[in-house]
Amino acid sequence: MNPTMSAEAAAAAGSGVILCAPRCGLAQRRHVLSLSWNPPAHFRTAPVLSRPPARLRNLKFVIVTNAVDSTQPSPATAALSDKAVLSDDGFSITKVSFGVIGLAVGCTLLSYGFGAYFNVLPGSEWSAIMLTYGFPLAIIGMALKYAELKPVSCVTYADAQALRETCATPILKQVREDVTRFRYGDEQHLDEALKRIFQYGQGGGIPRRNAPVLEMIREEVTQDGKYSLVLVFQAKALQLSDFEQRQAKFASFFGPGITAEVGKGESGLYEVRLISNTVPQ
């Protein structure tokens, strides 16, 4: 055996690896170098590492310094910023229930009138007038409350509001105003329109009990940039085909100047999209 040991053999000896010495002499015999070093206990549990192949010795690691900036908004987030929903917090008399007002004023006059009449409250000389006006106001308030039809919710996107005044037809504007205010005496919103479109109780129509119910409306802009008023209906007894068969009737009734599209929304709801044909400038 060659008394001298190469650097690689010495390094391998420290790690507990058995190496083959280079060929020497005429006999060309392979001599095996064995190690007799007894490593400490914490070295015995370490895994045995062999020298990597030659093709792996020249690997280089490149550190990329241009990391992605997570603070920059993605295209999807930028698109959602244009679809911001506007809140309708402004006061309007159409958002006030006249039934609630009548009941509040009538019951207040009746209560104070009776208290003044029995000298529990001051103003006994006005008790007769308060009782005279309080009783009919309370009756009218109860009647209005009984016949009250609450407004539906309206979701308006910012880009749709910008097109409402210039692109929405007068009928679409009237539909939006009618369904977003309190109504009295009607069984449901758009009752006359649905009666003509679905032909309640007539040949080829549907029973009155299966009539769709307007749940909400939505103002949005189509992909080609047109104003659209979406009517969302709840109709458990109807199928999508029942709406598709009457798509032309929706366009005819709420026209002119609109195109009707029918589709199925989420949670079993049906959507009727009334698209204005007016091209925005």
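Keep in mind the model is a prediction, meaning the values are calculated, not measured.

Caption draft 1: The overall build of the chain, seen in detail. Within the chain, the regular secondary structure consists of 11 helices and 10 strands. Here the chain, with 281 residues, has 28% of them falling under the buried criterion. For the chain, long-range pairs separated by at least 24 residues make up 60% of all intrachain contacts whose partners lie at least 6 apart in sequence.

Caption draft 2: Structural context of the UniProt feature "transmembrane region" (unreviewed entry) in the chain. According to UniProt, the feature "transmembrane region" (unreviewed entry) maps to residues 96-118 and 130-147 in the numbering used here. End C-alpha atoms of residues 96-118 are separated by 34 Å, and the span's content is 87% helix alongside 0% strand.

Caption draft 3: Main features of helix α7 (residues 158-167). All of the buried residues in α7 are Ala160, Leu163, Arg164 and Cys167. Buried residues of α7, seen end-on, are gathered within an arc of 130° and therefore sit on one face of the element. Those residues of α7 that are exposed and aimed more than 90 degrees away from the buried face are Ala162, Glu165 and Thr166. If you follow the buried residues of α7, they end up packed against β5 (153-157), α8 (170-179), β7 (213-221), β8 (227-234) and β10 (269-276).

Caption draft 4: Spatial organisation of the packing of aromatic side chains. The final tally for this structure, using the stated rule, is eight aromatic pairs. Ring geometry for Phe98 against Tyr184: centres 6.2 Å apart, planes inclined by 55°, an arrangement best described as tilted. Of this pair, Phe98 sits in helix α5 (residues 98-117) while Tyr184 sits in strand β6 (residues 183-184), and the two are 86 residues apart along the sequence. Residue Phe98 is classed as partly exposed on the basis of its relative accessible area, which comes to 41%. Looking at Tyr184, the relative accessible area reads 27%, which means it is partly exposed. Where Phe243 meets Tyr270, the ring centres are 4.9 Å apart and the plane angle is 20°; that geometry is what we call stacked. Of this pair, Phe243 sits in helix α10 (residues 240-244) while Tyr270 sits in strand β10, placing them 27 residues apart in sequence.

Caption draft 5: Examining the nonpolar core more closely. Judged by nonpolar contacts, the single largest core of 35 residues is most densely connected at Leu190, Phe198, Leu231, Phe243 and Phe254. Residue assignment for this core shows that the elements contributing at least two residues are α7, α8, α9 (191-198), β7, β8, β9 (258-264) and β10. Every residue in contact with Phe254, bar those within four places of it in the chain, is listed here: Ile171, Val175, Leu190, Ala193, Ile197, Leu231 and Leu274.

Caption draft 6: Structural detail: the pattern of salt bridges. Summed over all chains, the structure comprises 14 salt bridges. Close ionic contact of Glu219 with Arg164 constitutes a salt bridge, the shortest N to O distance being 2.8 Å. Taken together, the residues span a long stretch of sequence, with Glu219 in strand β7 and Arg164 in helix α7 at a distance of 55 residues. Given a relative accessible area of 0%, Glu219 falls into the buried group. The partner of Glu219 in a salt bridge is Arg176, and the shortest N-O contact between them spans 3.1 Å. Placement of the pair is Glu219 in strand β7 and Arg176 in helix α8, with a sequence separation of 43 residues.

Caption draft 7: Representation of the environment of Tyr117 in the model. Here Tyr117 shows up in helix α5. C-alpha of Tyr117 to C-alpha of Met130: the two residues are 13 residues apart in sequence and 9.8 Å apart in space.

What counts and how
- Residues numbered from 1 in each chain as written.
- Predicted model: local features only at pLDDT ≥ 70, side-chain atom pairs only at ≥ 80, totals over all residues.
- Heavy atoms only, no water.
- Helix = DSSP H or I, 4+ residues; strand = E, 2+ residues; numbered from the N terminus.
- Buried < 20%, exposed > 50% of the residue type's maximum accessible area, 1.4 Å probe, protein only.
- Contact = heavy atoms within 4.5 Å.
- UniProt positions renumbered as here; feature names shortened; annotations may be inferred.
- Arc of directions from axis to C-beta.
- Phe/Tyr/Trp six-rings, centres within 6.5 Å; stacked < 30°, edge-to-face > 60°.
- Core = buried A, V, L, I, M, F, W, Y, C linked by side-chain atoms within 4.5 Å.
- Salt bridge = Lys/Arg side-chain N within 4 Å of Asp/Glu carboxyl O.

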